[in-house]
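# Close look at the chain arrangement
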Amino acid sequence: MTPSAHAAAHLAQLNVATLRHPLDDPRIAPFVELLDPVNAAADGAPGFVWRLVEDGEADATGLRPAGDGVIVNLSVWENQEALWDFAYRSGHLEAMRRRREWFERHVEAHLVLWWIPGGHVPTVGEALDRLADLRAHGPSPRAFTFTSSYSAEEAARAAGTTPVEASPA
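This report concerns the structure included in the present document. Here the structure is a predicted model, which means the values were calculated and not measured. (Residues numbered from 1 in each chain as written. Predicted model: local features only at pLDDT ≥ 70, side-chain atom pairs only at ≥ 80, totals over all residues. Heavy atoms only, no water.)

## Brief notes about the overall build of the protein chain
Secondary structure assignment for the protein chain yields seven helices and four strands. Within the protein chain, residue pairs in contact and separated by at least 24 positions form 68% of the contacts whose partners lie at least 6 positions apart. (Helix = DSSP H or I, 4+ residues; strand = E, 2+ residues; numbered from the N terminus. Contact = heavy atoms within 4.5 Å.)

Put into structure tokens, the structure is as follows:
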């Protein structure tokens, strides 16, 4: 990655959630009702770049690349602060507070972050590979979390090499 690409790096995020009930179950209805307003808020949030949607749909809840009953959210943000602000300082927080009503508790990591070159649209396969990397090896510049984050520069230095343990930034 060139120095100019460092400035253009964006943050990709994937989170997976295992539904307690099918999406058409009345017990999941409050979550389904939040989808459009939360997605609209994300689309209009400062620093938002892109999110995965199923062809012909408004969201990605119909996709099941991580298994039956597992929904995915894949998005790209200008930086970690923009994603944090949306996730924890917006109406999205209400949905997060209620997540145990709708989703099973994951024993393994369910959220992964990684840096991508500006303009790159991550694939679901790429995202699932990053999640698998985080689960297998723990946080690294290749795959990390909010609490164990790395800068775009650290990720660029580590690119193409075997991830080594490093102190989180």
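## As for the packing of aromatic side chains
Enumeration over the complete set of coordinates arrives at nine aromatic pairs. Arranged with centres 5.0 Å apart and planes meeting at 85°, the rings of F31 and F103 form a pair that is edge-to-face. Here F31 is found in helix α2 (residues 29-44), whereas its partner F103 is found in the loop between α5 (99-102) and β4 (111-116), with 72 residues between them in sequence. Residue F31 is classed as buried on the basis of its relative accessible area of 11%. Note on F103: relative accessible area 10%, which makes it buried. (Phe/Tyr/Trp six-rings, centres within 6.5 Å; stacked < 30°, edge-to-face > 60°. Buried < 20%, exposed > 50% of the residue type's maximum accessible area, 1.4 Å probe, protein only.)

## Quick look at α2
For α2, which comprises 16 residues, the first-to-last C-alpha distance of 24 Å matches the rise-based estimate of 22 Å (1.5 Å per residue) to within 8%. Of all the bends in α2, the largest measures some 35° and sits at L35, one to four residues before the proline P37. Taken as a whole, α2 has its buried residues at F31, L35, V38, N39 and A42. Buried residues belonging to α2 abut β2 (48-51), β3 (70-77), α3 (80-88), α4 (92-97) and α5. (Expected span 1.5 Å × (residues − 1). Bend = angle between axes of the 7 residues up to and from the residue.)

## Looking at helix α6 (residues 124-137)
For α6, with 14 residues, the first-to-last C-alpha span of 20 Å sits near the 20 Å given by 1.5 Å per residue. Along α6, the residues that are buried comprise V124, E126, A127, R130, L131, D133 and L134. Residues of α6 that are buried make contact with β1 (10-18), β3 and β4. After α6 finishes, the residue G138 shows a positive phi value of roughly 80°.

## Some details on the pattern of salt bridges
Under the counting rule described, the total for this entry stands at seven salt bridges. Here D25 and R27 are joined by a salt bridge, their closest N and O atoms 2.8 Å apart. Given the relative accessible area of 13%, D25 is considered buried. For the salt bridge of D85 with R89, the shortest nitrogen-to-oxygen distance reads 2.4 Å. Classification of R89 as exposed rests on a relative accessible area of 61%. (Salt bridge = Lys/Arg side-chain N within 4 Å of Asp/Glu carboxyl O.)

## Details of the sheet that holds β4
With antiparallel pairing, four strands are arranged side by side in an open sheet as β2-β3-β1-β4. Two strands lie at the open edges of the sheet, namely β2 and β4, each paired on one side alone. Pairwise comparison of adjacent strand axes, ignoring direction, gives a mean angle of 20° for this sheet. Pairing between β1 and β3: eight bridges, direction antiparallel. Opposite A17, over in β3, you have I71 as the bridge partner. (Pairing = 2+ DSSP bridges. Axes fitted to C-alpha atoms, helices over the stretch in contact; angles between N-to-C directions.)

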